[in-house]
Amino acid sequence: WGDERARVGNLLAMTTGLRGSEVVALQVGDIREDRVYVRHSWSKQDGLKGTKTGEERTVPLLREVRSELLAIAAASPHGQGDDQFIFLHVDPARPMRVDQLRKGLAKALEKAGISDWRDRGVCVHSWRHFYASRMADVLDERTMKLTGHKTAAVFEVYSSHRTERQLRE
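About the criteria used
- Residues numbered from 1 in each chain as written.
- Predicted model: local features only at pLDDT ≥ 70, side-chain atom pairs only at ≥ 80, totals over all residues.
- Heavy atoms only, no water.
- Helix = DSSP H or I, 4+ residues; strand = E, 2+ residues; numbered from the N terminus.
- Contact = heavy atoms within 4.5 Å.
- Areas by Shrake-Rupley, 256 points an atom, 1.4 Å probe, with all protein chains shown as cover.
- Salt bridge = Lys/Arg side-chain N within 4 Å of Asp/Glu carboxyl O.
- Buried < 20%, exposed > 50% of the residue type's maximum accessible area, 1.4 Å probe, protein only.
- Axes fitted to C-alpha atoms, helices over the stretch in contact; angles between N-to-C directions.
- Parallel < 35°, antiparallel > 145°, perpendicular 65-115°, else oblique.
- Pairing = 2+ DSSP bridges.
- Phe/Tyr/Trp six-rings, centres within 6.5 Å; stacked < 30°, edge-to-face > 60°.

Novice: I'd like to hear about the overall build of the protein, residue by residue, with values.
Specialist: Within the protein one finds eight helices and four strands. Helices and strands appear in the protein in the N-to-C order α-α-β-β-β-β-α-α-α-α-α-α. Contacts in the protein between residues far apart in sequence, at least 24 positions, make up 54% of those at least 6 positions apart. Roughly 9500 Å² of accessible area belongs to the protein as shown, and the carbon and sulfur atoms make up 51% of that amount.

Below, the structure is given as structure tokens:
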């Protein structure tokens, strides 16, 4: 990973199912000991706004990921107030672009020797599918609330990916 922010942002997306726009909109005040409050998203057109569904949600946060997020925040030249973005842009009023998460992931995949990632449809949003699939393996349909999906039908699209283990079984 050439960009530490892209690495940690992808790690956060993978372990929480956050959308890319929610990852970059994450602020210091959204991080707690064992959870993250998903309150915002970011778009070039609208700036900081509510989530896609218009509802806030709370998602479990792994200790290791929390540490990495706080380390990035601690390195901020703009301070660490609750409304400070974790994934910084040079302008403290804006977070880094979602596209930087995608570019970082693409470079990491290429470096790992996975050259067909485009053909396979791998992107930052793939982490939402990954997360929903893994959570559906161990939890019931209430998992849907963690991902911010409004209906079971939409959640099923995200969580229906079968793993090798399931295919063997």
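Novice: Describe the pattern of salt bridges, and please don't skip the residues or the numbers.
Specialist: All told, the structure shown has 13 salt bridges when counted by the stated rule. One salt bridge connects Glu4 with Arg7, and the closest N-O pair in it is separated by 2.6 Å. Taken as a pair, Glu4 and Arg7 lie in helix α1 (residues 4-16) at a separation of three residues, close to a single helical turn. Judged by relative accessible area, Arg7 falls into the partly exposed class, the value being 22%. Between Arg102 and Asp99 there is a salt bridge; the shortest N-O distance is 2.9 Å. With Arg102 and Asp99 both in helix α4 (residues 98-111) and three residues apart, this pair spans about one turn of that helix. On the basis of relative accessibility, which here comes to 35%, the residue Arg102 falls in the partly exposed class. Here Asp99 falls in the partly exposed class, since its relative accessible area comes to 27%.

Novice: A description of the packing of α1 against α4 should follow, citing residues and the corresponding values.
Specialist: Close contact between α1 and α4 brings their axes to 8 Å; oriented N to C, the two are set at 95 degrees. With respect to α4, the axis of α1 lies roughly perpendicular. Along the contact surface, α1 presents Arg5, Ala6, Gly9 and Asn10, while α4 presents Gln100, Leu101, Gly104 and Leu105.

Novice: Describe in detail the pairing of strand β4 (residues 57-60), supporting the description with residues and values.
Specialist: Alternating positions in β4 separate cleanly, Arg57 and Val59 being buried on one face and Thr58 and Pro60 remaining unburied on the opposite face. Note: strand β1 (residues 35-38) against β4, four bridges, orientation antiparallel. Across the sheet, Val38 pairs through a bridge with Arg57, a residue of β4.

Novice: Quick one: what's the story with the packing of aromatic side chains, residue by residue and with numbers?
Specialist: Under the definition given, this model contains two aromatic pairs. Note on Trp42 and Phe85: the rings are 5.8 Å apart at their centroids and 80 degrees apart in plane angle, and the pair reads as edge-to-face. Taken as a pair, Trp42 in strand β2 (residues 41-43) and Phe85 in the loop between α3 (63-74) and α4 lie far apart in primary sequence, 43 residues in all. Under the relative-accessibility criterion, Phe85 is labelled buried at 4%. Between Trp127 and Phe130, the ring centres sit 5.8 Å apart and the planes meet at 85 degrees, which makes this aromatic pair edge-to-face.

Novice: Can you break down the side chain of Thr15 residue by residue, with the values?
Specialist: Following the sequence through the fold, Thr15 ends up in helix α1. The buried category is assigned to Thr15, whose relative accessible area is 17%. Residues within four places of Thr15 in sequence aside, it is in contact with Pro60, Leu62, Val65 and Tyr131.

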